[in-house]
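Coordinate inspection notes
Here are the chains, one letter per residue:
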Amino acid sequence: FFLFEACVGLYFPSIGTLRSKYVPDSHRSVIMNLFGIPLNVLVVSVFLSIKRLGVSGALSVSTGALGLASLCMLKLQSMVSKETKAEES
């Protein structure tokens, strides 16, 4: 439990820093709301089909979504790394 709380405590300041670095202030609320729509659709669809999916199916959907998010993070990291290297040269 304490490890989870520590991770959550580190997540929110980190994501706030990244948001301020990469998302312009003038568009931040619109962008964050648009990114929230797919998440809400995923949550509602899993809740509506929980009887069909079962607990293991719901956890599989969560695992798949987390894996997809990890792949997107790695792609973004490589794009930023290439951009940084291009600016340095």
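Relevant structure appears above.
To keep things clear, this report deals only with the structure shown in the data block. The model shown is predicted, which means the values in this text are computed figures rather than measured ones.

Definitions and cut-offs
- Residues numbered from 1 in each chain as written.
- Predicted model: local features only at pLDDT ≥ 70, side-chain atom pairs only at ≥ 80, totals over all residues.
- Heavy atoms only, no water.
- Axes fitted to C-alpha atoms, helices over the stretch in contact; angles between N-to-C directions.
- Helix = DSSP H or I, 4+ residues; strand = E, 2+ residues; numbered from the N terminus.
- Parallel < 35°, antiparallel > 145°, perpendicular 65-115°, else oblique.
- Contact = heavy atoms within 4.5 Å.
- Nonpolar A, V, L, I, M, F, W, Y, C, P; charged D, E, K, R; others polar.
- Patch = residues over 30% accessible without salt bridge, like charges linked within 9 Å, V, L, I, M, F, W, Y side chains within 5 Å.
- Areas by Shrake-Rupley, 256 points an atom, 1.4 Å probe, with all protein chains shown as cover.
- Salt bridge = Lys/Arg side-chain N within 4 Å of Asp/Glu carboxyl O.
- Buried < 20%, exposed > 50% of the residue type's maximum accessible area, 1.4 Å probe, protein only.
- 1 Å grid on protein atoms, 1.4 Å probe; cavity = no way out; pocket = protein on both sides within 12 Å on 5 of 7 lines; lining within 4 Å.
- Points joined across faces, edges and corners; volume = space filled by probe spheres on them.
- Phe/Tyr/Trp six-rings, centres within 6.5 Å; stacked < 30°, edge-to-face > 60°.

A few words now on the packing of helix 2 (residues 28-48) against helix 3 (residues 50-88). Helix 3 packs onto helix 2 with a crossing angle of 155 degrees between their chain directions and a minimal axis gap of 8 Å. One way to sum up the angle between helix 2 and helix 3 is to call them roughly antiparallel. Contact residues: Leu-42, Val-46, Phe-47 and Leu-48 in helix 2; Ile-50, Leu-53, Ala-58, Val-61 and Ala-65 in helix 3. Here the contact of helix 2 with helix 3 is built from residues that sort into nine nonpolar, no polar and no charged.

Glancing now at a nonpolar patch on the surface. Taken together, the side chains of Val-30, Leu-34, Ile-37 and Val-41 present a nonpolar region at the surface, about 380 Å² in accessible area. Relative to the elements of secondary structure, Leu-34 occurs in helix 2. With a relative accessible area of 52%, Leu-34 lands in the exposed category.

Let us now look at the layout of surface pockets. Here the largest pocket defines a volume of roughly 1700 Å³. The wall of the largest pocket is formed by 29 residues, among which Tyr-11, Ile-15, Ala-69, Cys-72 and Met-73 lie closest to the centre. The dominant element in the lining of the largest pocket, judged by the number of residues it contributes, is helix 3, at 13 residues. The residue makeup of the lining of the largest pocket, split by class, is 24 nonpolar, four polar and one charged.

Quick look at the pattern of salt bridges now. Applying the stated criterion across every chain, the model contains one salt bridge. Two residues, Arg-28 and Asp-25, come together in a salt bridge whose shortest N-O distance is 2.7 Å. Overall, Asp-25 belongs to the exposed group, its relative accessible area being 64%.

Residue placement: Ala-86 occurs in helix 3. Ala-86 sits 59 residues away from His-27 along the chain, and the two C-alpha atoms are 26 Å apart.

For the rest of this paragraph, the subject is the packing of aromatic side chains. By the definition in use, this model includes one aromatic pair. Both rings, one in Tyr-11 and one in Phe-12, keep their centres 5.0 Å apart while their planes meet at 75 degrees; by these two values the pair is edge-to-face. What makes Phe-12 exposed here is its relative accessible area of 54%.

Function cannot be read off these values alone, since they describe shape.
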